[in-house]
Amino acid sequence: MIWEVDDDCDGMIDWENFVRLYVRCRRDKTGCEPKRLFNLIEFMINDKDGGGTINEDEIMEVLYHRYGKEAMTRMTEEVFKHDRDGDKELDFQDFLKIVNAGMNNQVRDLLLVHDLIAAAAW
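### With respect to the packing of aromatic side chains
Logical step 1: For the structure shown, the criterion picks out 5 aromatic pairs.
Logical step 2: Arranged with centres 5.3 Å apart and planes meeting at 75°, the rings of Phe43 and Phe92 form a pair that is edge-to-face. Of this pair, Phe43 sits in helix H2 (residues 36-46) while Phe92 sits in helix H5 (residues 92-100), and the two are 49 residues apart along the sequence.
Logical step 3: Relative to Phe95, the ring of Phe92 has its centre 6.4 Å away and its plane inclined at 15°; by these criteria the two rings are stacked. With Phe92 and Phe95 both in helix H5 and 3 residues apart, the pair spans about one turn of that helix.
Logical step 4: Taking relative accessible area as the criterion, Phe92 reaches 25% and is therefore assigned partly exposed.
Logical step 5: Residue Phe95 is classed as buried on the basis of its relative accessible area of 1%.
Logical step 6: An aromatic cluster is present here, built from Phe43, Phe92 and Phe95 joined pairwise through their rings.

### Overview of the confidence of the model for the protein
Logical step 1: Considering every residue of the protein, the mean pLDDT works out to 77; 81% of them sit at 70 or more.
Logical step 2: When the criterion is pLDDT under 50, residues 113-122 qualifies, and its contacts beyond four places in sequence or with other chains add up to 19 contacts.

### Comments concerning the nonpolar core
Logical step 1: Counting residues in each nonpolar core, the largest one holds 13 residues, and the members touching the most others are Ile54, Ile59, Leu63, Val79, Phe80, Leu90 and Phe95.
Logical step 2: Secondary-structure elements contributing two or more residues to this core are helix H3 (56-67), helix H4 (69-80) and H5.
Logical step 3: With 5 residues, H4 is the largest single contributor of residues to this core.
Logical step 4: Each residue touching Leu90, except ones within four places of it in the same chain, is listed here: Phe43, Gly52, Thr53, Ile54, Ile59, Val79, Phe80, Asp83 and Ile98.
Logical step 5: Core analysis: the next-biggest nonpolar cluster, separate from the first, contains 11 residues, Val19, Leu21, Val23 and Ile41 among them.

### Here's the deal with the pattern of salt bridges
Logical step 1: This model, assessed by the stated rule, comprises 4 salt bridges.
Logical step 2: One salt bridge connects Arg24 with Asp7, and the closest N-O pair in it is separated by 3.2 Å. Of this pair, Arg24 sits in helix H1 (residues 15-27) while Asp7 is found in the segment before H1, placing the two residues 17 residues apart along the sequence.
Logical step 3: What makes Arg24 partly exposed here is its relative accessible area of 26%.
Logical step 4: On the basis of relative accessibility, which here comes to 37%, the residue Asp7 falls in the partly exposed class.

### Details of the packing of H1 against H2
Logical step 1: The contact between H1 and H2 brings their axes to 10 Å, and the two run at 95°. Classed by the angle they form, the pair H1 and H2 counts as roughly perpendicular. Contacts between H1 and H2 involve Phe18, Leu21, Tyr22, Cys25 and Arg26 from the former and Leu37, Phe38, Ile41 and Glu42 from the latter.
Logical step 2: Tallied by class, the residues present in the contact of H1 with H2 amount to 7 nonpolar, no polar and 2 charged.

### Points about the side chain of Asn39
Logical step 1: Note on placement: Asn39 falls in helix H2.
Logical step 2: Take Asn39: its relative accessible area is 8%, and that puts it in the buried class.
Logical step 3: Ignoring sequence-local partners within four residues, the contact set of Asn39 consists of Phe92, Phe95, Leu96 and Val99.

Cut-offs and rules
The written sequence of each chain sets the order in which its residues are numbered from 1. Local features in this predicted model are restricted to residues of pLDDT 70 or higher, and side-chain atom pairs are both shown and tallied only at a pLDDT of 80 or more, whereas totals for entire chains, interfaces and linings draw on every residue. Hydrogens are left out, water is left out, and the side-chain values use all remaining heavy atoms of the structure. Centres within 6.5 Å are what make two rings of Phe, Tyr or Trp a pair, Trp counting through its six-membered ring; a difference in plane orientation under 30 degrees is then read as stacked, over 60 as edge-to-face, and the rest as tilted. Helix and strand assignments follow DSSP, with helices taken as H or I runs no shorter than four residues and strands as E runs no shorter than two, numbered in order from the N terminus. Buried means the residue's accessible area, taken with a 1.4 Å probe over protein chains only, is under 20% of the maximum for its type, while exposed means over 50%, and partly exposed covers the values in between. pLDDT runs from 0 to 100 and stands for how confident the predictor is about each residue. Contacts are assigned to residue pairs with any non-hydrogen atoms lying within 4.5 Å of each other. The term nonpolar core refers to a set of buried residues drawn from Ala, Val, Leu, Ile, Met, Phe, Trp, Tyr and Cys, joined through side-chain atoms within 4.5 Å. By salt bridge we mean one thing: a side-chain nitrogen of Lys or Arg within 4 Å of a carboxyl oxygen of Asp or Glu. Axes, fitted as lines to C-alpha atoms, cover a helix only where it is in contact. Angles between the N-to-C directions of the axes lie from 0 to 180 degrees. Our angle categories are set so that under 35 degrees counts as roughly parallel, over 145 as roughly antiparallel, 65 to 115 as roughly perpendicular, and the remainder as oblique. Residues are grouped as follows: Ala, Val, Leu, Ile, Met, Phe, Trp, Tyr, Cys and Pro are nonpolar; Asp, Glu, Lys and Arg are charged; all remaining types, including Gly, are polar.

Below is the structure:
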């Protein structure tokens, strides 16, 4: 997985590799960028408490700040349609189903807590 994003072939992912990976995957319209590590990173970013799941509160907080109350409600319902056991928590497999389902960009964006593109400007 690391070789997919280790642009300078030094056997590790440094900050520059990480930012390039993130930006390329976010901008990819073709679906050709390797996304295994990107998807794992996205899940871990959203799992704020490190519990191995993304719960409804974590998703609602992100949605409210990004899109407002009305969109938050609609998009939360859309996301949790993919919750296999109905517990209002997404494990990594649920998360991958959403990502791989080809859902519209707005629904995908709700799972993206940090916009590391802005971090690249540091």
